[in-house]
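Here is what each chain is made of, one letter per residue.
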Amino acid sequence: MPAPSKTSRFPWQRLLWVLLALAIAAAVLWWRSRPPVVPGYKIETRNLVQNVVATGYVITPSRVQVASEITGTVVKRLVDRGAHVKAGQVLLELRADQTSAQLDQARAALRQLVEQSRPQAAAALAQAKVQVEQAERDLKRAQGVFDAGGGSAQQLEQAQTALRNARQQRDSAQAAYNAVAPGGAQQRVLEAALNAASAVNARNVVRAGVSGVVLARNVEVGDTVTPGQTLFTLAMDGATEILLPVNEQSIGNLQIGQQAQCVADAYPDRSFAAQVSFLAPQVDRTTGTLEVRLRVPQPPPWLKQDMTVSADIVTAQRRNTLVVPNDALRSVNGDQATVLVLRGGRAQAQQVKLGLQGLTLTQVVSGLSSGESVLAGNSVAPGERVRLQTLPLPSAAASSAASGNDLPMPGR
């Protein structure tokens, strides 16, 4: 058989190259004609929690400044910072030489009244009464003798004068005894003087007016203190509170009684419960924040005054509700918004009604069904053909990390 000529082989080779080129061109055209890949989410139900997160510090109901009422020198200091004191407990003592002497003098005067002056006055009164009784008998006897004609008028007059004098002495003795009698004027005067001296002497002892914790002390033994000088600062016992300055943009959902979880910066691995107890009646114009207070019903023992604390306040919750990521929402107006739903390979605009709105997830009340896919971002217009790159729904951890300070956030 004769070998094929070169001219017979070339047409088939050319045809193969042409077909290969056409195949490559068709593949390129097909690849370029594919719809773009767009990120999106598959809608499902979640537990949605709306929070307000803010940072503040620990406060107590009030701070009490303890001062001395008199000028004096400190001879004894009995407490230091951090000590818990009861109302009336002695905090320090001042030198009391002069006031103690005055108090001893007042006590001695009252004791002299009870032990000497009063018994003497009682004895004098008893003697005066005896003398009156004797003078009455003498007058009666003189009157009888005079009536019988055996005595003179002068003797009768002398007996009458003696009775008057005895009675005057008795009245004077009675007045003197009344002055020193129990509850009498002199006892009241001496008791008042004793009370005054005792009050003055008591000022040499500085006591706590309330129960609380000593936050600061500004005195040492040997110091001379003056009236009004702050010696100690006490944090009064009472409900521990967290003071939070909350951005005014986040206060719309706050209410008294809402629960919160708090974490102190010093103990990030420990949390404790709190409750919203106070919302200030006005916003601070200089900072744009509202004062919010949380009451801590059972403060942990390590929680200290002025500690920095982060609080997570639960403002609303929805269980097993349909949610959509916030970056899939368009034209949000109140509780109305638009999303792009992937249907038949094309992006279609869908009006939805929103419910609870969080930082990364928002509740869908109507307009979507579980399992539908929505597109993220604004790079696609309604009607375009697209392919979906499914992204996971934002998690609670992601939303918490993104929340920053005092912003609403959702949770799992």
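For the structure, check the block above.
Please read these numbers as outputs of a predicted model, since none were measured by experiment. (Residues numbered from 1 in each chain as written. Predicted model: local features only at pLDDT ≥ 70, side-chain atom pairs only at ≥ 80, totals over all residues. Heavy atoms only, no water.)

Participant: Describe the pattern of salt bridges, listing the residues and the values that go with them.
Facilitator: In the structure shown here, the tally under the stated rule is 10 salt bridges. Taking the shortest distance from any N to any O, the salt bridge between R46 and E44 comes out at 3.3 Å. The salt bridge involving E136 is made with R167; its shortest N-O contact spans 3.4 Å. With E136 in helix α2 (residues 97-147) and R167 in helix α3 (residues 153-180), the pair connects residues that are 31 residues apart, well separated along the chain. One salt-bridge network, in which partners are shared between bridges, spans R77, D80, R217 and E220. (Salt bridge = Lys/Arg side-chain N within 4 Å of Asp/Glu carboxyl O. Helix = DSSP H or I, 4+ residues; strand = E, 2+ residues; numbered from the N terminus.)

Participant: Lay out unusual backbone geometry with the relevant residues and their values.
Facilitator: Its identity as a non-glycine residue notwithstanding, N320 has a phi of 50°, on the positive side. Note on placement: N320 falls in strand β15 (residues 308-325). Accessibility expressed as a relative area gives 60% for N320, which makes it exposed. (Buried < 20%, exposed > 50% of the residue type's maximum accessible area, 1.4 Å probe, protein only.)

Participant: Mind laying out the environment of R95, listing which residues take part and the relevant values?
Facilitator: Locating R95 in the fold gives a position in the loop between β6 (90-94) and α2. A residue is classified by how much of its surface remains accessible, and R95, at 46% relative accessible area, is partly exposed. On a C-alpha basis, the gap between R95 and T71 in space is 9.8 Å, while along the polypeptide they are 24 residues apart.

Participant: Please give an account of the packing of aromatic side chains that cites residues and values.
Facilitator: How two aromatic rings sit relative to each other is given by the distance of their centres and the angle of their planes. For the coordinates displayed, the defined rule picks out 2 aromatic pairs. Seen in terms of ring centroids, F272 and W302 are 6.0 Å apart; in terms of plane orientation they differ by 70°. Their pairing is edge-to-face. Pair noted here: F272 is in strand β13 (residues 271-284) and W302 is in the loop between β14 (289-296) and β15, with a separation of 30 residues, a long-range link. Classification of W302 as buried rests on a relative accessible area of 13%. Grouped by ring-pair contacts, the aromatic residues Y267, F272 and W302 constitute a single cluster. (Phe/Tyr/Trp six-rings, centres within 6.5 Å; stacked < 30°, edge-to-face > 60°.)

Participant: Go over the sheet that holds strand β10 (residues 230-236), please, and point to the residues and values.
Facilitator: Within a sheet, neighbouring strands are paired by backbone hydrogen bonds and run either parallel or antiparallel to one another. Strand order in the open sheet formed by 4 strands is β3-β10-β8-β5, and the pairing between neighbours is antiparallel. The strands lining the two open edges of the sheet, one partner per strand, are β3 (63-67) and β5 (84-85). When β5 meets strand β8 (residues 212-217), the two strands line up antiparallel, connected through 2 bridges. Across the sheet, V85 pairs through a bridge with G212, a residue of β8. (Pairing = 2+ DSSP bridges.)

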